[in-house]
Structures are given as C-alpha cells and as structure tokens.
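Per-entry structural report
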Amino acid sequence: MTKSQAGNFMNVQFAAMSENESFARVVVAAFVTRLDPMMEELNDLKTVVSEAVTNCIIHGYDSDPNGVVTISASIQDETVHLTIEDQGRGIEDLELAQQPLYTSKPEMERSGMGFTIMENFMDEFEVTSEPGRGTSISMKKTIVSKKALYN
C-alpha cells in the first residue's frame, strides 16, 4: 500500500508475546483518535485488535515469543482499514475455524468466539490463511465522528 493510496497509515511489528496485546490495542486506538470515534467504536476496535493479536500469538505461533505480529492500519476518509497478520502455522480448515465456539485449543479454555466477535464488530472482515505460512485478518470500520452526531 502506497502513501497516496492509503491516506494516513502506519505499520508496527512486535514480538508474539502476550504482554504486547495491550500495546497493540493502545497503538491502534491512538492512531484512530483523530477521527474522534465514539467510545463504543473505540472499544470495538480495541476488542478486535485484542482478539486478532491473541489469535496470532496463541494459534499462529503456539505462544513462541520468537514470532512476529504485524499490524498495518490506514485511514481513508472516515474508514479505518486494519490488517493483523502472522507468519505462523496457518489454519488447516478456515471454514471450521470461523464457526462460533470452535477452538483448536480447548485445553486453554478458549471461547472460540474470536472470529465471530471480529466479524460482528467490524463493517468488513476477511481471513486468509495458508498452512505453514501464516494468517492475515483484514477488517474495515467506518467511524461516525462525535462531531457529526452533535452538529
């Protein structure tokens, strides 16, 4: 994605460590602040980032801190575009993985609702994955500015 195509954009990479999940939430929240999102919209974005990053860490890298999680974000007009990806193990059966309550890690007491939450909180949601090569989650959400609501 080039600068002219993306409007404002950012890319960040970090170690696949659970303590970096909160960092990821804060980075994305800070990036979208200029759109003046409503608290619910901001919470939705932070939740989907948390879910996606946690999936990368736990499922993509089996909690191996040597893995790298990448977040790319851009803002075009009032729409936030997010891509969160890993180069981990990938997903063998993407259709099954997207079913509510399915988890490949039942021993960890995972809810199996991550993809469902992401899909419901965002305007657009897509997962691509290749076994042995990683997973990419792309999402879009149009922000309704508080200023627009009150003017």
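What counts as what
- Residues numbered from 1 in each chain as written.
- Predicted model: local features only at pLDDT ≥ 70, side-chain atom pairs only at ≥ 80, totals over all residues.
- Heavy atoms only, no water.
- Core = buried A, V, L, I, M, F, W, Y, C linked by side-chain atoms within 4.5 Å.
- Buried < 20%, exposed > 50% of the residue type's maximum accessible area, 1.4 Å probe, protein only.
- Helix = DSSP H or I, 4+ residues; strand = E, 2+ residues; numbered from the N terminus.
- Contact = heavy atoms within 4.5 Å.
- Pairing = 2+ DSSP bridges.
- pLDDT = per-residue confidence, 0-100.
- Phe/Tyr/Trp six-rings, centres within 6.5 Å; stacked < 30°, edge-to-face > 60°.

**So, the nonpolar core**
Inside soluble globular proteins, nonpolar side chains tend to come together where they are buried. The biggest cluster of nonpolar side chains holds 36 residues, and the ones touching the most others in it are V53, V69, I71, L82, I84 and M139. In terms of residue count, helix α3 (residues 39-60) provides more of this core than any other element does, 8 residues in total. Non-local contacts of I84, meaning those with residues more than four positions away in its chain, are made with V49, A52, V53, C56, V69, T70, I71, T135, S136, I137 and M139.

**So, the pairing of strand β3 (residues 79-86)**
Within β3, 6 of the 8 residues are buried, which leaves it mostly tucked inside the rest of the structure. The pairing of strand β2 (residues 68-76) with β3 spans 8 bridges and is antiparallel. Directly across from T70, in β3, lies its bridge partner E85. Following β2, the chain reverses through 2 residues before pairing antiparallel with β3; D77 in that reversal takes a positive phi of roughly 55 degrees. Across 8 bridges, the pairing between β3 and strand β5 (residues 134-142) is antiparallel. What sits directly across from E85, in β5, is S136.

**Topic: the environment of Q98**
With respect to the helices and strands, the residue Q98 is situated in the loop between α4 (94-97) and α5 (114-121). Sequence spacing of Q98 and T116 is 18 residues, and the spatial spacing of their C-alpha atoms is 7.0 Å.

**Concerning α5**
Listed in full, the buried residues belonging to α5 are G114, F115, T116 and M118. Packed against the buried residues of α5 are α3, α4, β4 (124-130) and β5.

**A look at the confidence of the model for the protein chain**
On average, residues of the protein chain carry a pLDDT of 87, and 83% of them reach 70 or more. Here residues 1-5 is a poorly scored stretch, pLDDT under 50, and it has 4 contacts once near neighbours within four places are set aside; other chains count.

**Quick notes on the packing of aromatic side chains**
Throughout the structure, instances matching the rule amount to 2 aromatic pairs. Their ring planes at 85 degrees and their centres at 5.9 Å tell us that F14 and F23 sit as a pair that is edge-to-face. Since its relative accessible area comes to 7%, F14 is described here as buried. On the accessibility criterion, F23 (38% relative accessible area) is partly exposed. Centre to centre, the rings of F115 and F125 are 6.0 Å apart; their planes meet at 55 degrees, and the pair counts as tilted. Residue F115 is located in helix α5, and its partner F125 is located in strand β4; the two are separated by 10 residues in the primary sequence. You'll find F115 and F125 in the same group, each marked buried.

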